[in-house]
Amino acid sequence: MPDDGQLAGYFCLDRDARRRAMACLGARSQLGYGVQLGTVRFLGTFLDNPEQGLEEHRNENRR
C-alpha cells in the first residue's frame with residue numbers, strides 16, 4: 001500500500017498537467033482528467049470501468 005508521499009508523486013499535477021486539465025470544459029471534466037491522469041501514472045493503465053474502485057482493480061489483478 002503506497003504512503004501519502006508516494007501517492008502525491010502520482011496524483012499531484014505539475015503546471016503543464018494542470019494547464020491541460022483546465023482546458024477541459026467544466027469542473028467535472030477537469031477533475032475527471034486529473035483523476036484519470038493520476039490513475040494512469042499510479043497503475044500504468046486506464047481502468048476498464050472508471051466507476052470501479054482502485055481496490056477492486058487491485059483484487060482483480062492479484063488473481
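Before reading on, note that the structure itself is shown above.
So, here's what we can say about the structure. Predicted, not measured: the structure shown is a model, and the values here were computed from it.

Counting its secondary structure elements, the protein contains 4 helices and 0 strands. Counted from the first residue to the last, the protein has its helices and strands arranged as α-α-α-α. Evaluated residue by residue, the protein yields a buried proportion of 14% over its 63 residues. Long-range pairs, those at least 24 residues apart, make up 40% of the contacts in the protein with a sequence separation of at least 6.

At their nearest, the axes of helix α1 (residues 4–11) and helix α3 (residues 27–43) sit 8 Å apart, and the two run at 120 degrees to each other. Looking at the two axes, α1 sits oblique to α3. Facing Leu 7, Gly 9, Tyr 10 and Phe 11 of α1, the residues of α3 in contact are Val 35, Gly 38, Thr 39, Arg 41 and Phe 42. Grouping the amino acids of the contact of α1 with α3 by side-chain chemistry returns 5 nonpolar, 3 polar and 1 charged.

Right, let's get into the packing of aromatic side chains. Inspection of the entire model under this criterion finds 2 aromatic pairs. With a centroid separation of 5.2 Å and an interplanar angle of 75 degrees, the aromatic rings of Tyr 10 and Phe 42 are classed as edge-to-face. Here Tyr 10 is found in helix α1, whereas its partner Phe 42 is found in helix α3, with 32 residues between them in sequence. A residue is classified by how much of its surface remains accessible, and Tyr 10, at 31% relative accessible area, is partly exposed. An angle of 45 degrees between the planes, with centres 6.3 Å apart, marks the rings of Phe 11 and Phe 42 as tilted. Taken as a pair, Phe 11 in helix α1 and Phe 42 in helix α3 lie far apart in primary sequence, 31 residues in all.

Cut-offs applied
- The residue numbers shown here count from 1 along each chain, following its written sequence.
- Note on the predicted model: pLDDT of at least 70 is required for a residue's local features to be given, and 80 or more for side-chain atom pairs to be given and counted; whole-chain, interface and lining totals, by contrast, use all residues.
- Water and hydrogen atoms were dropped before computing side-chain values, which therefore reflect all heavy atoms in the structure.
- Numbering of helices and strands starts at the N terminus; helices are DSSP runs of H or I of at least 4 residues and strands are runs of E of at least 2.
- Buried residues are those whose accessible area, probed at 1.4 Å on protein chains only, stays under 20% of the maximum for their type, while exposed residues exceed 50% and partly exposed ones sit between those limits.
- Note on definitions: a residue-residue contact is assigned when non-hydrogen atoms from the two residues lie within 4.5 Å.
- Axis definition: a line fitted to C-alpha atoms, limited for helices to the stretch in contact. Angles are taken between N-to-C directions and run from 0 to 180 degrees.
- Note that the term roughly parallel is reserved for angles under 35 degrees, roughly antiparallel for angles over 145, roughly perpendicular for angles of 65 to 115, and oblique for everything else.
- Amino acids are sorted into nonpolar (Ala, Val, Leu, Ile, Met, Phe, Trp, Tyr, Cys and Pro), charged (Asp, Glu, Lys and Arg) and polar (every other residue, Gly among them).
- Any two rings among Phe, Tyr and Trp, with Trp reduced to its six-membered ring, count as a pair given centres within 6.5 Å; such a pair is stacked if its planes are under 30 degrees apart, edge-to-face if over 60, and tilted if neither.

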